[in-house]
Each structure stands twice: as C-alpha cells, then as structure tokens.
Amino acid sequence: MLQYLITQQHYFALKLFSALGCGLIAGVFFAFSSFVINALARLQPPQGIAAMQSINITVINPLFMAVFLGTAVACILLFVSSLLRRHQPGAIYLLVGSLFYLVGTFGVTIVFNVPLNEALARVEPDSTIGASLWSSYLANWTIWNHIRAAAALAAAASLTIALCYRGAQY
C-alpha cells in the first residue's frame, strides 16, 4: 500500500512539474514574442545584434536549462507512460501535452532557433553581413518563437487537464 501511494504521489508530482515547466517556458517565449524581440528590432542593427548575442549566451545558465531540459525529460517519461497506459482516463492529455512540448517547443528550438542563434553568434555586430543577417534573423527567429511559445502553452494546458485525472489508476 505504501509503495502504491508513493508511486501515485511521484506520478502526480511529475505531471505537476511538467505542466508548470511548460507554462514557465511558454511565458519566457511569450515575453520574447510580445516585446523583447520588438525592443531589439527598434535598436540599430549593431546594438540589436550585440544584445541578442548576449541574451543567447546568458540564457545558457543552470536555472533556465534545468527547467527547459528537465521539462523535456519529464515529458519523455509522461509520453512513455501515456503509451503504456493509453486506456486510462487522462492518458490522451499526457500524450498530447508531451508531444506539444517535445516536438513544438523543444524540437523547434533545437531544429530552428538554435541554428539561427549560432549563425548570429558568428557575425560581428557592426559588419554589413551582420546587418543583412539581422533583418532575416528577426523575421525567422520570431516566427519559430511564436510556434514554440504556442506549443508550450498548449502543452501546459493539456498537462493541466491531465492533472484532473489524478485519481485514475496510474
């Protein structure tokens, strides 16, 4: 009986951590989409490039990476769990929420935003190449950021709904 209760509590904590992590990441990406990128775009290209280069360096810190990567790991666990328990109430919400985060947030970041950030990191802010890259960077990076923000929000919503099924046999 104690083993069952500990398992239930851990499973609930994993779902809660995942929902909160997705929501937190959605908020970060929403902030960038709604005002950070717009503020950087108002700067002269050398200043905007330098600021974004600095952001891209400082975002790689233990706190942000723990939430971003930890949420991905938790979503992998929930994805597998939802497949194994696909007939249980709420499993579809775990599956959908996990996929939204893993594909739409984590995957988009790795496949689209990170390569754009790496290209920006290689240019000198005051170069003509930098200025040329900056305008396309702003457009492309922002589109992919909108997608990953929406996916993280959808993941948070789906995982939150799954929390309503906490009494289900998992």
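Everything below is about the structure shown above.
Residues numbered from 1 in each chain as written. Predicted model: local features only at pLDDT ≥ 70, side-chain atom pairs only at ≥ 80, totals over all residues. Heavy atoms only, no water.

Caption draft 1: Layout of the overall build of the protein chain. Per the secondary structure count, the protein chain includes 5 helices and 0 strands. Each helix and strand of the protein chain, ordered N terminal to C terminal, gives the series α-α-α-α-α. Its C-alpha atoms put the protein chain at 65 × 25 × 20 Å along the principal axes. Taken over 170 residues, the protein chain has a buried fraction of 39%. (Helix = DSSP H or I, 4+ residues; strand = E, 2+ residues; numbered from the N terminus. Buried < 20%, exposed > 50% of the residue type's maximum accessible area, 1.4 Å probe, protein only.)

Caption draft 2: Representation of the packing of helix α3 (residues 62-84) against helix α4 (residues 91-121) in the model. Axis separation between α3 and α4 bottoms out at 8 Å; the angle between their running directions is 140°. The hand of the α3/α4 crossing is left-handed. When α3 is examined against α4, the residues Val67, Phe68, Leu69, Thr71, Ala72, Cys75, Ile76, Leu78, Phe79, Ser82 and Leu83 are found in contact with a partner set consisting of Ala91, Leu94, Leu95, Ser98, Leu99, Tyr101, Leu102, Thr105, Phe106 and Thr109. Split by residue class, the contact of α3 with α4 holds 16 nonpolar, 5 polar and no charged. (Axes fitted to C-alpha atoms, helices over the stretch in contact; angles between N-to-C directions. Left-handed = near helix turned anticlockwise from the far one by under 90°. Contact = heavy atoms within 4.5 Å. Nonpolar A, V, L, I, M, F, W, Y, C, P; charged D, E, K, R; others polar.)

Caption draft 3: Here's a closer look at the environment of Ala91. Along the chain, the position of Ala91 falls in helix α4. Given a relative accessible area of 1%, Ala91 falls into the buried group.

Caption draft 4: Region of interest: α3. Counted at 1.5 Å a residue, the expected span for α3 with its 23 residues is 33 Å, and the 32 Å between its end C-alpha atoms agrees. One side-chain oxygen of the residue at the start of α3 lies 3.0 Å from the amide nitrogen of Leu63, identifying that residue as Asn61. (Expected span 1.5 Å × (residues − 1). Polar contact = N/O pair within 3.5 Å; in protein donor to acceptor, adjacent residues only side chain to side chain.)

Caption draft 5: Representation of the packing of aromatic side chains in the model. Overall, the coordinates contain 9 aromatic pairs when judged by the stated rule. For the ring pair Tyr137 and Trp141, a centre distance of 6.2 Å and an interplane angle of 20° mean the geometry is stacked. A residue pair is termed a helical-turn pair when its members lie 3 or 4 positions apart in one helix, as Tyr137 and Trp141 do in helix α5 (residues 128-163) at 4 residues. Neither Tyr137 nor Trp141 differs from the other in exposure class; each is buried. In textbook terms, an aromatic cluster arises when at least three aromatic residues are bridged by ring pairs, as seen for Phe29, Phe64, Phe68, Tyr101 and Phe106. (Phe/Tyr/Trp six-rings, centres within 6.5 Å; stacked < 30°, edge-to-face > 60°.)

Caption draft 6: Focus on the nonpolar core. By size, the foremost hydrophobic cluster in this structure holds 22 residues, and its most contacted members are Cys22, Ile25, Tyr101 and Leu159. Elements with a minimum of two residues in this core: α1 (2-42), α3, α4 and α5. By residue number, the principal contributor to this core is α5, which donates 7 residues. Not counting the four nearest positions on each side in its chain, Cys22 is found in contact with Thr71, Cys75, Tyr101, Ala152, Ala155, Ala156 and Leu159. Phe32, Val36, Trp134 and Trp141 belong to the second largest nonpolar core, which has 12 residues in total. (Core = buried A, V, L, I, M, F, W, Y, C linked by side-chain atoms within 4.5 Å.)

Caption draft 7: A look at α5. Between its terminal C-alpha atoms α5 stretches 51 Å, which fits the 52 Å expected from 36 residues at 1.5 Å a residue. Residue Tyr137 marks the point of greatest curvature in α5, where the axis turns by about 30°. (Bend = angle between axes of the 7 residues up to and from the residue.)

Caption draft 8: How the structure looks around the state of the cysteines. Summed over all chains, the structure comprises 0 disulfides. No disulfide involves Cys75; its sulfur sits 4.2 Å from that of Cys22, the nearest cysteine. The closest cysteine sulfur to the non-disulfide-bonded Cys164 is located on Cys22, 16 Å from its own sulfur. (Disulfide = S-S within 2.5 Å.)

Caption draft 9: Spotlight on the packing of helix α2 (residues 45-58) against α5. Close contact between α2 and α5 brings their axes to 10 Å; oriented N to C, the two are set at 55°. The pairing of α2 with α5 is recorded here as oblique in orientation. In the crossing of α2 with α5, the sense of the turn from one axis to the other is left-handed. Along the contact surface, α2 presents Pro45, Gly48, Ile49, Met52 and Asn56, while α5 presents Gly130, Ala131, Trp134, Tyr137 and Trp141. Of the residues in the contact of α2 with α5, the class split is 7 nonpolar, 3 polar and no charged. (Parallel < 35°, antiparallel > 145°, perpendicular 65-115°, else oblique.)

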